[in-house]
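Here's the letter readout for the chains.
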Amino acid sequence: MSTPAFVSPDTLRGRFSRAMSDMYKQEVPLYGDLLALVGEVNSKVLAEQPAVAASLHRTGEIERLDMERHGAIRLGSAYELATIRRLFAVLGMQPVGYYDLTSAGVPVHSTAFRAVHEHALQTSPFRVFTSLLRLELIDNPALRQRAQTILDQRQIFTPLALSLIEQFEREGGLSPADGETFVEQALETFRWHREATVSATEYQALHDEHRLIADVVAFKGPHINHLTPRTLDIDQVQAGMPGKGIAPKAVIEGPPTRRHPILLRQTSFKALQEHVAFTDQHEGAMGSHTARFGEIEQRGAALTAKGRALYDRLLNASRQALAGFPAEGNAHEYMALLGEQFSEFPDDLMQMREQGLAFFRYFVTDEGREAGAFAGKTRSHKGDLQSLVEAGHVRFEPLVYEDFLPVSAAGIFQSNLGDHAQADYGTQSNQADFERALGAKVIDELGLYAETEQRSIEQCARELGVELQALR
Ligand code: OOG
Ligand code: NI
């Protein structure tokens, strides 16, 4: 018997990402306008900054730029989280990282589903920030029980999606036709439903507890709440948004503007007021709910544990120096404080590399290739990466950050929930609970970056016919 030809999960992820974008464009037309603005700014940056363009060409990132986007969903139960993990596995996406948002007053904890290998990321870098509501943080027992009952009764996956997940797990893959069906069926989970699962009064009770609780519990499914394209210059997009009728939040989350971007900078525009029908309402008597918003991001270098510790320290210092949360009134002051603090973070790739602050990918240069061909066997001594870099035989490019930032995520949540939505849940981080609900451990993102970096060094060693020691 011949083995059936399975469609690659990477191909399916690319299709799913496109289908999601098409659906969201129809649901939220402003998203289409935002994509157009991001496209304009990206073309301008590529035309005006040849060094940026050259670096993106060398790493191959240029090919994924237009496909690049992340979405976010909020789930209500362990069943939903564990099943979404299985659903995303069909699309080659694994849970990476643990984010605790409770310390920022949002009763969820989260992970990011994404591809983990650089080749897979190159085919489709689609990611989904996935949060699980922590019902145990609702202190009104009757309301908590009611929310639990509602969530236990809903089924956010179609029967066909569930059976195709089982088939994928049983047989190790899906045929191209089944893959096509799977993409269509999986999309249904993320669709917006105007019909709520609760009455207007129940909605209000949930909403009064926390707006986010209403968003998760009162609806038929975990509607995708934003889809974020990647820009090469977030300051330009932020400045261009009002001209397109889009009102951005006051401050850009993450590090300040730099010559060599690090981690992730994000901004968003306010959630839309949507018409919804509660169970005790009929057409014509609609309620409203704010769920969905728009966001853009600029991605920079992935930082090592040391670089990340420096980032966290400088960010905390900036926020502490600012009395209160960054908002409309103190946006200017906050950006200035951020700029001052971050002058301590070297904005030079050579220094970032030498100080072990960021991850890089290494590539053999044309010179290196020529020298290698001439030198033949004589180079087969234990080479040292640093001397190859200094000789110009190997060059390095920063490895792009593929993940999220908890403080930024909290800022995005807050700006869309309204500034009054903060609650004090203390710090009750519980990764073990999250992983129990997920039915798996989350992958440590730093390990993934180190592996990609190491593979690029091994590739250089092979091409040059030398041995190179591992960096870390
Ligand atoms: C997720 C907010 C976090 C990001 O990019 O950090 C996020 C949500 O609002 O559900 O998407
Ligand atoms: Ni986001």
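Each remark here, short or long, concerns the structure printed above.
A brief look at the structure comes next.

Some points on the pattern of salt bridges
The tally for this structure, following the rule as stated, stands at 35 salt bridges. Residues Glu 397 and Arg 58 are paired through a salt bridge, measuring 2.3 Å at the closest nitrogen-oxygen approach. A residue pair is termed long-range when its members are at least 10 positions apart, and Glu 397 in strand 12 (residues 394–398) and Arg 58 in helix 3 (residues 50–59) qualify at 339 residues. Across the pair Arg 191 and Glu 188 runs a salt bridge, and its minimum N-O distance is 2.9 Å. We classify Arg 191 as partly exposed; its relative accessible area is 29%. According to the relative accessible area criterion, Glu 188 is partly exposed, its value standing at 29%. Overlapping salt bridges bring together Glu 61, Arg 64, Glu 68, Arg 127, Arg 230 and Glu 402 as one network.

With respect to the packing of helix 13 (residues 305–321) against helix 14 (residues 331–341)
It is at 9 Å that the axes of helix 13 and helix 14 come closest, and there the two elements cross at 140°. As helix 13 packs across helix 14, the resulting crossing turns out to be right-handed. Mapping the contact onto sequence places Leu 314, Leu 315, Ala 317, Ser 318, Arg 319 and Ala 321 in helix 13 and Tyr 334, Leu 337, Leu 338 and Gln 341 in helix 14.

Structural notes on the packing of aromatic side chains
All chains considered together, the criterion is met by 17 aromatic pairs. With a centroid separation of 5.2 Å and an interplanar angle of 65°, the aromatic rings of Tyr 24 and Tyr 31 are classed as edge-to-face. Of the residues examined, Tyr 24 reaches a relative accessible area of 1% and is grouped as buried. An angle of 40° between the planes, with centres 4.9 Å apart, marks the rings of Phe 88 and Phe 113 as tilted. Of this pair, Phe 88 sits in helix 5 (residues 78–90) while Phe 113 sits in strand 3 (residues 108–114); the two residues are 25 residues apart in sequence, bridging distant segments of the chain.

Cut-off values and rules
- Residues numbered from 1 in each chain as written.
- Chains lettered and ligands numbered in written order.
- Predicted model: local features only at pLDDT ≥ 70, side-chain atom pairs only at ≥ 80, totals over all residues.
- Heavy atoms only, no water.
- Salt bridge = Lys/Arg side-chain N within 4 Å of Asp/Glu carboxyl O.
- Helix = DSSP H or I, 4+ residues; strand = E, 2+ residues; numbered from the N terminus.
- Buried < 20%, exposed > 50% of the residue type's maximum accessible area, 1.4 Å probe, protein only.
- Axes fitted to C-alpha atoms, helices over the stretch in contact; angles between N-to-C directions.
- Left-handed = near helix turned anticlockwise from the far one by under 90°.
- Contact = heavy atoms within 4.5 Å.
- Phe/Tyr/Trp six-rings, centres within 6.5 Å; stacked < 30°, edge-to-face > 60°.

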